[in-house]
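# Structure at a glance
In case you want the letters, here they are:
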Amino acid sequence: MLGALFVALAMLVGNLITAPSASAATPLTALPRQTYDKFRLKTTDAVWADLKNAVAAVERTKTVTKVSPLSVAQSAQHRGSPDPCHPTKLNSRYIPDGFCWDRTDDTTSNYDSEQGGWMPQGLTASHDATPGGTYNGHHLYLASWFHGVDGSKDEYARVSIVENNNRTVSYGHVFLVTPTDNGSFMPTPNIHADGMVWYGKRLFVANGGELLVYDMRHLWKVNTISGEVGVKGASSSARWHQWAMPLIGRYWTGTADANPRKCTPGTGEVVCLSSLSLDRQGAKTDTLVSGEFRTDKAGGRIIRWPLNAAMALPRADDGSQIGSTKAWSAYTTPVWSMQGVAADGNGRFYMAGRCPDGWSDVPASSPLAYSCIHYAKPGDEPHVFTMAPRLTQNLSWAPQWGRLWGLNESINPSSGDRVVFSIDVSP
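Residues numbered from 1 in each chain as written. Predicted model: local features only at pLDDT ≥ 70, side-chain atom pairs only at ≥ 80, totals over all residues. Heavy atoms only, no water.

### What to know about the environment of Asp45
Secondary-structure assignment places Asp45 in helix H3 (residues 45–60). On the basis of relative accessibility, which here comes to 56%, the residue Asp45 falls in the exposed class. Taking the C-alpha atoms as reference points, Asp45 and Gly323, separated by 278 residues in sequence, lie 7.3 Å from one another. (Helix = DSSP H or I, 4+ residues; strand = E, 2+ residues; numbered from the N terminus. Buried < 20%, exposed > 50% of the residue type's maximum accessible area, 1.4 Å probe, protein only.)

### Quick look at the nonpolar core
Counting 52 residues, the largest nonpolar core has Phe39, Phe204 and Trp305 as the members making the most contacts within it. For this core, the element with the most residues is strand E9 (residues 169–179), which contributes 4 residues. Not counting the four nearest positions on each side in its chain, Trp305 is found in contact with Phe39, Arg40, Leu41, Val271, Leu273, Asp286, Thr287, Leu288, Ser290, Thr325, Lys326 and Ala327. Within the second largest apolar cluster, 27 residues are counted, among which are Ala193, Trp198, Leu203 and Met245. (Core = buried A, V, L, I, M, F, W, Y, C linked by side-chain atoms within 4.5 Å. Contact = heavy atoms within 4.5 Å.)

### Describing the confidence of the model for the protein chain
With 93% of its residues at a pLDDT of 70 or more, the protein chain has an overall mean of 92. Scored below 50 in pLDDT, residues 1–23 shows 35 contacts in the model against residues more than four places distant or in partner chains. (pLDDT = per-residue confidence, 0-100.)

### Re the packing of aromatic side chains
With the rule as written, the count across this model stands at 14 aromatic pairs. The ring of Trp145 has Arg158 sitting right over it, with the charged end atom 4.4 Å from the ring centre. Its end group placed over the ring of Trp328, Arg315 keeps NZ or CZ at 5.2 Å from the ring centre. (Phe/Tyr/Trp six-rings, centres within 6.5 Å; stacked < 30°, edge-to-face > 60°. Lys NZ or Arg CZ within 6 Å of the ring centre and 35° of its normal.)

### Remarks on the pattern of salt bridges
In a structure, side chains of opposite charge can pair up when their charged atoms sit close to one another. For the structure shown, the criterion picks out 15 salt bridges. Among the ionic pairs, Glu292 bridges to Arg301, the shortest N-O distance being 2.8 Å. With relative accessibility at 0%, the residue Glu292 sits in the buried group. (Salt bridge = Lys/Arg side-chain N within 4 Å of Asp/Glu carboxyl O.)

### A look at the environment of Ser236
Take Ser236: it is sitting in strand E16 (residues 235–238). Assessed through its relative accessible area of 0%, Ser236 is described here as buried. Along the primary structure Ser236 and Ser184 are separated by 52 residues, whereas in three dimensions their C-alpha atoms are 8.4 Å apart. Residues within four places of Ser236 in sequence aside, it is in contact with Thr63, Val64, Val222, Asn223, Thr224, Gly230 and Val231.

### What about the side chain of His173?
Residue position: His173 is located in strand E9. Within the structure, His173 has its side chain in polar contact with the side chain of Ser160 (distance 2.8 Å). (Polar contact = N/O pair within 3.5 Å; in protein donor to acceptor, adjacent residues only side chain to side chain.)

### Topic: the sheet that holds strand E5 (residues 97–99)
A sheet is described by the order of its strands in space; here 4 strands give the open sequence E5-E31-E30-E29, paired in antiparallel fashion. If you trace the sheet from one side to the other, it starts and ends with E5 and strand E29 (392–398), each paired once. Shown here is a sheet whose adjacent strand axes are inclined to one another by a mean of 20 degrees, direction ignored. Pairing of E5 with strand E31 (residues 420–424), which is carried by 3 bridges, proceeds in the antiparallel orientation. The residue of E31 that forms the bridge with Asp97 is Ser422. (Pairing = 2+ DSSP bridges. Axes fitted to C-alpha atoms, helices over the stretch in contact; angles between N-to-C directions.)

### With respect to the pairing of E31
Along a regular strand, successive side chains alternate from one face of the sheet to the other. Burial of E31 is extensive: 5 of the 5 residues sit out of reach of the surface. Side chains of E31 alternate between two faces, with Val420, Ser422 and Asp424 and Phe421 and Ile423 buried alike. Examined bridge by bridge, strand E30 (residues 403–408) and E31 share 5 bridges and lie antiparallel to one another. The partner of Arg403 across the bridge, within E31, is Asp424.

### Looking at the environment of Pro189
If you trace the backbone, Pro189 turns up in the loop between strand E10 (185–187) and strand E11 (195–199). In this structure Pro189 comes out as partly exposed when scored by relative accessible area, which is 46%. Spatially, the C-alpha atoms of Pro189 and Val177 are 8.2 Å apart, while their sequence positions differ by 12 residues.

### Some thoughts on the state of the cysteines
All chains considered together, the criterion is met by 3 disulfides. Two residues, Cys85 and Cys100, share a disulfide whose sulfurs are 2.1 Å apart. Residues Cys85 and Cys100 are joined by a disulfide whose S-S torsion is about -105 degrees; by sign, that bridge is left-handed. Placement of the pair is Cys85 in the loop between strand E4 (78–80) and E5 and Cys100 in the loop between E5 and helix H5 (103–107), with a sequence separation of 15 residues. Owing to a relative accessible area of 37%, Cys85 belongs among the partly exposed residues under this scheme. Looking at Cys100, the relative accessible area reads 1%, which means it is buried. Note that Cys355 is cross-linked by a disulfide to Cys372, the S-S spacing being 2.0 Å. The disulfide joining Cys355 to Cys372 has a torsion of about 100 degrees about its S-S bond and is therefore right-handed. Of the two residues, Cys355 sits in the loop between strand E26 (349–354) and strand E27 (370–376) while Cys372 sits in strand E27, which places them 17 residues apart along the sequence. (Disulfide = S-S within 2.5 Å.)

### Thoughts on unusual backbone geometry
Negative phi is the rule for most residues except glycine; trans is the rule for most peptide bonds. The phi angle at Arg239 is positive, at roughly 50 degrees, despite the residue not being glycine. Take Arg239: it is sitting in the loop between E16 and strand E17 (243–246). Of note in this structure, Leu391 is not a glycine but carries a positive phi near 55 degrees. Among the structural elements, Leu391 can be located in the loop between strand E28 (383–390) and E29.

### Considerations on the side chain of Thr392
Structurally, Thr392 can be placed in strand E29. Residue classification places Thr392 among the buried positions, given a relative accessible area of 1%. A polar side-chain atom of Thr392 sits 2.7 Å from the main-chain carbonyl oxygen of Pro389. In contact with Thr392, not counting residues within four places along its chain, are Gln339, Ala352, Ser371, Leu407, Asn408 and Phe421.

The following block contains the structure:
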């Protein structure tokens, strides 16, 4: 009943919103340096020192045990299927592949009015983490999810760590937490987990006006499974999760104390990190690529942030190991409602967003419409590369194999509609 009601609502909304697609002649436009020089990822030494001490205090309690990402993936806490199990509209020319979640994770939704549920957002993988593309010889994939109830958002966040070997799909969920100054931890607050990149030992989580930093060396197994969060006496728990990961650092694009969900996409100096991917450049400087989502609009900005490979962190302007970072370049896109963006290392961007009008038998702005993946180099007009699953979110480029990965949300909690997919972009 809930699924049917939500679909009906989505169709109504889709019929009411009829904004046109961007002009086919509108290019992906480079912003001038005097504009993007004002875009900053800001941080302070004190923030990192406080979090480092708080993480160490929790680990001294001996209530948590550090484990590896592979152990979480191979726990078989959940099992998916090693193929896309829903219609995707991906062009067969590009040899689609991927996997699906189990039934529970396929249908969970923040529109559940009683228990609430989870919605997927970000995607990264071992092809981001290491130049070779695997973690200890295994192909791992990570997805971020936010939790809400009855349409709310941003209450909690988790990360799924998945091993997909093309025969079986095994994964576990990790709760994202923030250590406190009393040897305990709490849920990372006000978090949408918009995008994610696994880079070396770090895990970057984009969250609107902030970039949250976690560390794969501090992946905790708690000793109690309960609805509580934190350390109490000899027990640790993480809201029904077996694993937790603590925040170890933080950057922000506005001010340190601002609500991260109050950034302004498309305009101003306080940029939004609505999606995140990695452009691994080999001998050149690696960059984080962030994208801005604008509801039913074009004009979201794509921004490159330089990385310090030795530290696995944004490259500090002053040459220090940890410090504030200014943008390296930026662009504005004519793609409407851009949900994800990835770069292929050769100057081309792939952008997930609304299809041009006429590509679907429902209005392009409707949640029931399939998404499209557009592509362009700066200065060129974007073209549709392929249609894609409904509400496609983040994209991730695997340079080792020339494949583009993505995942989508679901608009129908009764039947599920979620896939993690990849396509070969070389044909």
